[in-house]
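Here is what each chain is made of, one letter per residue.
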Amino acid sequence: MQCPHYDAARCRSCTLIEQPYAAQLEAKQERCRELLAPFGPVDWLDPVASAESGFRNKAKMAVGGTVDAPTLGILDPGGAGVDLRDCGLYPASLQAALPTVAELVTRARLVPYDVPTRRGELKYVLVTQSPDGELMIRFVLRSTEALPRLRKHLPWLLAALPRAAVVSANLLPEHKAALEGDEEVVLTERSTLRMRVNDVDLHLRPQSFFQTNTEVAAALYRIGRDWVDAADPASVWDLYCGVGGFALHVARPGRAVVGIETSAEAVASAEQSRDERGLPDVRFAAGDATAFALAAGRAPDLVVVNPPRRGIGPALAGWLEDSGVRDVVYSSCNAASLARDLAAMPSLRPRRGRVLDMFPQTGHYEVVVGLSRG
């Protein structure tokens, strides 16, 4: 992948871009082998490769410049905007929407937030594209001051960009290193973006997490479904379930599935997908995964965990070790924390693993391992 922004040192986010893609993938696989080697032999399946460019379904754009000439991209060390609307990580269809979004910034007089002086209103624009090309556009504002102008010009945006299915304003009043605040104001009639993944319709609300690489995420869910079906459990927990990707893929008639997620928004999305599919044996609840497990009276046959980078931690790992759970499917975005968690549950041995390159051109990746007791 060639990038003029990297070559000109305007953006160096793609730290591995100078390495051939095959070498990137091999290094990620080897890193996982090294970290998991102390836990016994693992059958490493071929890694899941990604498209080298155009794979991101979400653009997280810091807004800089001026209201008449806004930049969408990143901020340089001095706080000035660097425009990355043509970033090669975004598919052409997503790139094509960004000039219209920038024009809306000017029309609605959404003054870009200036970090050094702490003045202005618009901090970020977050654009997510579904597999069928629909868009969710979120404007991260410092206050409600600009909301009336955003509402006024919303009809223009929807006419100029008919693919915009969901538009919202997120409020982030604090001056801090955060991408969004707690309060979301949905401005359109629709509040969810339909993400068709394999044969499952997932629904994404503005504050719900979803993997940034839809094709590789689809492969991850297929792998999870196949591994769970091979174990043939009667009951499954999907901890850190997000919008229900794993839970909805492994649901079968007569199989009791429970999904737990801290985000109430994500749980509402998962429940919407469940109800549309008519799955009476699937239940979702908002809560802490560890607290849920510790309070449960009975363990399931199989547990799926897909935690954040910090891993599941010693309390949940200890519970899994002592629970009698027969099988675990562990999907991790941080192989180092995965290794720490494995050390805390020695009775659950990794039998097979697979690297999924969710984030080409960087050192990040996903790895999924199948654990079984004994």
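For the protein, an unreviewed UniProt entry supplies the name 23S rRNA (Uracil(747)-C(5))-methyltransferase and the organism Cellulomonas hominis.

Novice: What is the right way to read the packing of aromatic side chains from this model?
Specialist: Aromatic rings in a pair are described by how distant their centres are and how their planes are angled relative to each other. Throughout the structure, instances matching the rule amount to three aromatic pairs. Centroid distance tyrosine 221 to phenylalanine 246: 5.0 Å. Interplanar angle 90°. Geometry classified as edge-to-face. With a gap of 25 residues between them, tyrosine 221 in helix H6 (residues 214–231) and phenylalanine 246 in helix H7 (residues 245–250) connect regions that are remote in the sequence. For the residue pair tyrosine 221 and phenylalanine 246, the accessibility class agrees, reading buried in each case. Where tryptophan 237 meets tryptophan 319, the ring centres are 5.4 Å apart and the plane angle is 15°; that geometry is what we call stacked. Here tryptophan 237 is found in strand E11 (residues 235–239), whereas its partner tryptophan 319 is found in helix H10 (residues 313–323), with 82 residues between them in sequence. For tryptophan 237, a relative accessible area of 6% gives the class buried. Above the face of the tyrosine 6 ring, arginine 12 is positioned so that its terminal group lies 4.1 Å from the ring centre. A cation over a ring is seen here: lysine 123 above tyrosine 113, with NZ or CZ 4.8 Å from the ring centre.

Novice: What should I look at first to understand the UniProt feature "binding site: S-adenosyl-L-methionine" (unreviewed entry) in the protein in this one?
Specialist: Taken from the UniProt record, the annotation "binding site: S-adenosyl-L-methionine" (unreviewed entry) applies to Gln211, Tyr240, Glu261 and Asn306. Positionally, glutamate 261 belongs in strand E12 (residues 256–261). For glutamate 261, a relative accessible area of 14% puts it in the buried group. Not counting chain neighbours up to four residues away, the residues in contact with glutamate 261 comprise Tyr240, Cys241, Gly242, Ala266, Val267, Ala285, Ala286 and Gly287. A polar atom in the side chain of glutamate 261 sits 3.3 Å from the side chain of threonine 262. As for its placement among the helices and strands, asparagine 306 is situated in the loop between strand E14 (302–305) and H10. According to the relative accessible area criterion, asparagine 306 is buried, its value standing at 15%.

Conventions adopted
Residues numbered from 1 in each chain as written. Predicted model: local features only at pLDDT ≥ 70, side-chain atom pairs only at ≥ 80, totals over all residues. Heavy atoms only, no water. Phe/Tyr/Trp six-rings, centres within 6.5 Å; stacked < 30°, edge-to-face > 60°. Helix = DSSP H or I, 4+ residues; strand = E, 2+ residues; numbered from the N terminus. Buried < 20%, exposed > 50% of the residue type's maximum accessible area, 1.4 Å probe, protein only. Lys NZ or Arg CZ within 6 Å of the ring centre and 35° of its normal. UniProt positions renumbered as here; feature names shortened; annotations may be inferred. Contact = heavy atoms within 4.5 Å. Polar contact = N/O pair within 3.5 Å; in protein donor to acceptor, adjacent residues only side chain to side chain.

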